[in-house]
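# Survey of secondary and tertiary structure
Listed below, chain by chain, are the residues.
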Amino acid sequence: MQFDTVIIGGGLAGLLCGIRLSESGQRCAIVSRGQSALSFSSGSLDLLSRLPNGQPVGALGDAIAALPATHPYALLGEARVRDYATQAQQLLAGCGLALQGDIDSPHLHVTPLGALRRAWLSPQEAPLKPESNPHIGVVGISDFLDFQPQLLAAALCKRGFNACSEEIALPTLDALRDNPSEFRAVNIARLLDAPEQYAQLYDALYPLSQRYDLLYLPACFGLTDNALFTRLNQQLACPLRLLPTLPPSVPGMRMQHLLQQHFIRSGGRWMPGDEVISARVSNGQVTQVWTRKHEDIPLRARHVVLASGSFFSNGLIAGRDRVREAVFGLDVLQSDNRNDWYCDDVFDSQPWQRFGVKTNAQLNGLRQGEAISNLYVIGSVLGGFDAIAEGCGGGVSAVTALHAATQIIAQGGDE
Ligand SMILES: Cc1cc2nc3c(=O)[nH]c(=O)nc-3n(C[C@H](O)[C@H](O)[C@H](O)COP(=O)(O)OP(=O)(O)OC[C@H]3O[C@@H](n4cnc5c(N)ncnc54)[C@H](O)[C@@H]3O)c2cc1C
């Protein structure tokens, strides 16, 4: 099978890169083994919240200048980071993802535990830090354990906000209540997204919307679009906002779904449930890629993009003494001494979070110090950053994905 570009991994990074390439007319395939980190994410994307020393980021340019040389943003430089982040916002909007936020005005969104967390882009339904002091009704669903309204209301009150907890029953969910392990946000959404359930949800929420200035509800509907959220906001007596629950996350799954659909609509070949198991590299170029399902028919492409994710998605694998990149055996930024992998305080930035593939400034993967010139490495399989401590996971994925796509497009489709 012949493509212009084969992408290994269909998470945020692989999909953004694939969409940009397909939209430019490239024949592009994404091979993706399983669920990506998006299904477990809040649905908000981070650009850069803190420096490696923990200092909060003010101006983006100053922050990028202060990053270590191995950080993907430092490899690309401020101008490109800004440009690609702006392009990513437009691309996400074009996929039907209504997101609030902007690179130059990061916002604080409310977390399910009542903390205020900085983000670059958030779903339209995400509650941002209230500007005034509204009377907030935090509404739980009876027996649903993955969202605790009392905890959130108490945390908000501690921060000086005026919040009370409430509960709605929604008898339509009784079938799920029989089995607590089935009573999860995604299964609830499959029921509530059906148009015939609207009346029950509206009837439960309307009286509360008359008593409060703002309602918070767990994000338990809107798996494929936010039509139900929009309709409720038009018809309730006060605004409604939705908070992500414990994973799997409805806003994250919606992002995955919309990006996948857009990739397919723009002509991309989506190969789910398959995995790249090996590749041939000769004369500094990837020539063939083999997958588990097509074991005797290699995929051939002028360009290959590695977007296989970090430890979470098995793009990186930790052995007893070293960490390896799973497909190509690329050079990995890591500490040789295992004792240096961890810090004793689990809340500190953990050194292993920065482990990942080494590249040159074009994001070509290195093997024994030599660049593989048609292999681009993007997203969380890259080394040099701590997505959690620095709050930059979504941004690194988006910015590196568009950098790789831009270089591939510049080289043209056919030789
Ligand atoms: C649990 C979790 C929650 C997070 N939440 C947030 C958040 O709320 N906001 C934020 O900005 N960042 C968050 N992050 C950071 C996150 O890593 C990035 O934002 C981004 O989603 C990573 O995307 P990715 O495409 O690089 O990797 P992934 O999302 O990990 O996707 C990699 C994909 O590659 C596939 N794959 C791996 N190996 C192969 C192979 N050999 N062949 C084929 N397919 C393969 C995997 O199955 C997976 O689908 C979170 C990370 C984790 C782990």
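All values derive from a computational prediction rather than experimental measurement.

Domain annotation for the protein reports domain 1 (2-104 + 253-410) and domain 2 (127-243). Its C-alpha centre places domain 1 at a distance of 34 Å from the equivalent point of domain 2. At the junction of the two partners, domain 1 supplies 6 residues and domain 2 supplies 8 residues. Considering only the side of domain 1, the residues that lose the most area to domain 2 are Gln-100, Met-253 and Arg-254, jointly responsible for 74% of the buried surface there. At the junction of domain 1 and domain 2, the tally comes to 0 salt bridges. At the boundary of domain 1 and domain 2, one finds 1 residue pair in polar contact (both at pLDDT 80 or more). Here the element with the most residues in the side of domain 1 that touches domain 2 is helix α10 (residues 250-265); it accounts for 4 residues. Residue classes in the side of domain 1 that touches domain 2 are distributed as 3 nonpolar, 2 polar and 1 charged.

To continue, consider the pairing of strand β1 (residues 2-8). For β1, the tally of buried residues reaches 6 of 7 residues, placing the bulk of the element in the interior. In this structure, β1 lies alongside strand β2 (residues 28-32), joined through 4 bridges in parallel fashion. Within β2, the position partnered with Val-6 by the bridge is Ala-29. On the question of chirality, the crossover connecting β1 to the parallel β2 by way of helix α1 (residues 12-23) is right-handed.

Here the residue pair Pro-247 and Pro-248 is connected by a cis peptide bond, since its omega of -5° sits within 30 degrees of zero. Residue placement: Pro-248 occurs in the loop between β10 (240-243) and α10. Positive phi outside glycine occurs at Asn-314, with the angle close to 65°. Position of Asn-314 relative to the elements: it lies in the loop between β14 (300-306) and β15 (316-318). On the accessibility criterion, Asn-314 (41% relative accessible area) is partly exposed. Unusually for a residue other than glycine, Leu-363 sits at a positive phi of about 70°. Structurally, the position occupied by Leu-363 is in the loop between β18 (356-357) and β19 (364-367).

Conventions used here
- Residues numbered from 1 in each chain as written.
- Predicted model: local features only at pLDDT ≥ 70, side-chain atom pairs only at ≥ 80, totals over all residues.
- Heavy atoms only, no water.
- Domains from an automatic or database assignment.
- Contact = heavy atoms within 4.5 Å.
- Buried area = accessible area lost by both parts, 1.4 Å probe.
- Salt bridge = Lys/Arg side-chain N within 4 Å of Asp/Glu carboxyl O.
- Polar contact = N/O pair within 3.5 Å; in protein donor to acceptor, adjacent residues only side chain to side chain.
- Helix = DSSP H or I, 4+ residues; strand = E, 2+ residues; numbered from the N terminus.
- Nonpolar A, V, L, I, M, F, W, Y, C, P; charged D, E, K, R; others polar.
- Buried < 20%, exposed > 50% of the residue type's maximum accessible area, 1.4 Å probe, protein only.
- Pairing = 2+ DSSP bridges.
- Right-handed = clockwise from strand over helix to strand, strands pointing away.

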